[in-house]
Amino acid sequence: MLYPQQNDVRNLLDLSGFWAFKLDPQEVGETEGWMNGLEAPRQIAVPASWNELFQDTRDYLDAAWYAREFYVPEGWKGQDVFLRVGSANYAAKVWINGEFVGEHLGGHLPFAFDVTEQVSWGEANLVSIQVEGKLTPTRVPPGNVARGAMAGFMGNHPNTSFDFFPYTGIQRPVILYAVPKTRIEDVTVVTEIDGANGVVKVHVAQVGAHTEGAVVLTGENDVLDAGLTFVDGVAEAALIVPDARLWCPDDPY
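The paragraphs below set out a description of the structure included in this document. Per chain, residues are indexed from 1 in the order of the written sequence. Where totals are concerned, whole chains, interfaces and linings use all residues; where local detail is concerned, this predicted model gives features only for residues with pLDDT of at least 70, and gives and counts side-chain atom pairs only at 80 or more. Side-chain measures here rest on the full set of heavy atoms in the structure, leaving out hydrogens and waters.

## Overview of the overall build of the chain
Strands here mean DSSP runs of E at least two residues long; helices mean DSSP runs of H or I at least four residues long; both are numbered from the N terminus. A tally of helices and strands in the chain yields one helix and 17 strands. In this treatment the radius of gyration is a C-alpha quantity, and the globule benchmark scales as 2.2 Å times the residue count to the 0.38 power. At 23 Å, the chain has a C-alpha radius of gyration far larger than the 18 Å of a compact globule built from 253 residues. With the C-alpha coordinates of the chain rotated into their principal frame, the extents come out at 60 × 55 × 30 Å. Each residue is placed in one exposure class: buried if its accessible area under a 1.4 Å probe, protein chains only, is under 20% of its type's maximum, exposed if it is over 50%, and partly exposed if it falls in between. Per-residue burial over the chain gives 40% buried out of 253 residues.

Here you go:
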């Protein structure tokens with residue numbers, strides 16, 4: 001996914017700050033409807049690890065809930081609205097206004113959901129995120145798999161065979177962002193060497209009805225460009241850099 005950015009056609013709203021927070025050691029939150037609001041929560045900073053913030057959560061790795069209200073700017077009407085979580089260790093489920101929008105497993109990559117149909121305009125919206133950091137043999141990092149002399153590495157908590165603590169929670173910013181209905185959705189750049197020349201291959205994926213575009217490569221002295229023609233939402237181009245000054249440790253250009 002492209003990183004959210006603020007410019008003349010894209011907008012973002014950083015939801016970092018203090019959120020409502022509640023532990024769910026019995027995992028009753030979903031059946032009791034905690035996605036519609038948390039009863040008697042405490043405040044927690046987002047982003048942060050809950051293990052570092054409260055005495056009773058220092059060693060806690062089970063389920064917990066986050067929630068906060070937000071407003072969608074009126075100027076975003078007519079665009080697609082996404083919610084992006086930069087990192088949630090190690091599994092997360094997301095609701096908007098009580099409606100489930102998706103889940104993600106793995107704490108080391110961002111994830112985003114299209115929430116255009118779930119958000120309301122002109123009134124407060126509620127985002128609820130359930131996060132848990134259970135250590136199982138099939139997750140990264142794996143846990144509760146050590147045996148014999150390696151059980152509970154060096155006798156530490158938790159029971160793992162790795163030598164770091166698996167800090168848990170929403171670890172990077174949560175961002176609400178809007179993009180045009182017609183937009184570039186992904187860009188892949190691959191470089192190759194052809195004799196003395198450098199080759200820059202660009203693959204662009206788009207959403208919407210535009211059929212033409214351009215790719216531009218700028219250097220210290222030269223500007224290279226090529227047209228893009230989209231077919232079924234995909235366009236490709238190759239730019240040739242003559243007598244390319246190649247990167248190496250002695251000349252990291």
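## As for the pairing of strand 16 (residues 223-229)
Two faces make up the sheet, and in a regular strand the side chains alternate between them. At least two DSSP bridges between two strands are required for those strands to pair. Of the pairings in the sheet, the one linking strand 15 (residues 212-218) to strand 16 comprises seven bridges and is antiparallel in character. Pairing of Val216 across the sheet is with Asp225, part of strand 16. Where strand 15 hands over to strand 16, the hairpin turn is made up of four residues, counted between the paired strands.

## Side note on unusual backbone geometry
Between Val46 and Pro47 the backbone carries a cis peptide bond, its omega angle lying at 5°. With an omega of 0°, the peptide bond between Asn89 and Tyr90 qualifies as cis. Along the polypeptide, Tyr90 turns up in the loop between strand 6 (88-89) and strand 7 (91-96). Unlike most non-glycine residues, Asn97 shows phi in positive territory, near 50°. Looking at the secondary structure, you find Asn97 in the loop between strand 7 and strand 8 (99-105). Its identity is not glycine, yet Asp232 carries a phi of approximately 55°, on the positive side.

## Section: the nonpolar core
Judged by nonpolar contacts, the single largest core of 32 residues is most densely connected at Trp19, Tyr66, Leu83, Val115, Ile129 and Leu176. Counting only elements with at least two residues in this core, the list comes to strand 2 (17-23), strand 3 (42-46), strand 4 (64-70), strand 5 (80-85), strand 7, strand 9 (111-114), strand 10 (125-132) and strand 12 (174-179). Not counting residues up to four positions away in its chain, the partners in contact with Trp19 are Arg42, Gln43, Ile44, Val46, Tyr66, Ala67, Arg68, Val127, Ile129 and Val174. Buried Ala, Val, Leu, Ile, Met, Phe, Trp, Tyr and Cys residues form a nonpolar core when they are joined through side-chain atoms within 4.5 Å. One finds Val202, Val204, Val215 and Leu228 within the second-largest nonpolar core, a separate group that totals 10 residues. Throughout, a contact is declared for two residues whenever any of their heavy atoms are within 4.5 Å.

## Some details on the sheet that holds strand 4
The six strands lie next to each other as 3-2-4-10-7-8, forming an open sheet whose pairing is antiparallel. Single-partner strands in this sheet number two, and they are strand 3 and strand 8. Recorded for the sheet is a direction-independent mean angle of 30° between the axes of neighbouring strands. Lines are fitted to the C-alpha atoms to define the axes, a helix being fitted only along its stretch in contact, and any angle between axes, read from their N-to-C directions, falls within 0 to 180 degrees.

## Thoughts on the environment of Asn11
With respect to the helices and strands, Asn11 occurs in strand 1 (residues 11-14). Residues Asn11 and Leu38, 27 residues apart in the sequence, show an inter-C-alpha distance of 29 Å. Beyond its immediate stretch of four places on either side in the chain, Asn11 contacts Gln5, Gln6, Trp76, Gln79, Leu176, Tyr177 and Ala178. Any pair of N or O atoms that falls within 3.5 Å is considered a polar contact. Within protein, one atom must be able to donate a hydrogen and the other to accept it, and sequence-neighbouring residues count only if both atoms are side-chain atoms. Among the polar contacts made by the side chain of Asn11, one reaches the side chain of Gln6 at a distance of 2.9 Å.

## Things to note about the pattern of salt bridges
The rule for a salt bridge is simple: a side-chain nitrogen of Lys or Arg has to be within 4 Å of a carboxyl oxygen of Asp or Glu. Under the counting rule described, the total for this entry stands at 10 salt bridges. The partner of Asp59 in a salt bridge is Arg58, and the shortest N-O contact between them spans 3.1 Å. The exposure class of Arg58 is exposed, given its relative accessible area of 52%. Residue Lys77 is joined to Glu74 by a salt bridge in which the shortest nitrogen-to-oxygen separation is 3.2 Å. In this structure Glu74 comes out as partly exposed when scored by relative accessible area, which is 44%. Residues joined in a network through salt bridges with shared partners are Asp80, Lys181 and Arg183.

No statement about biological role is implied by the geometric values presented.
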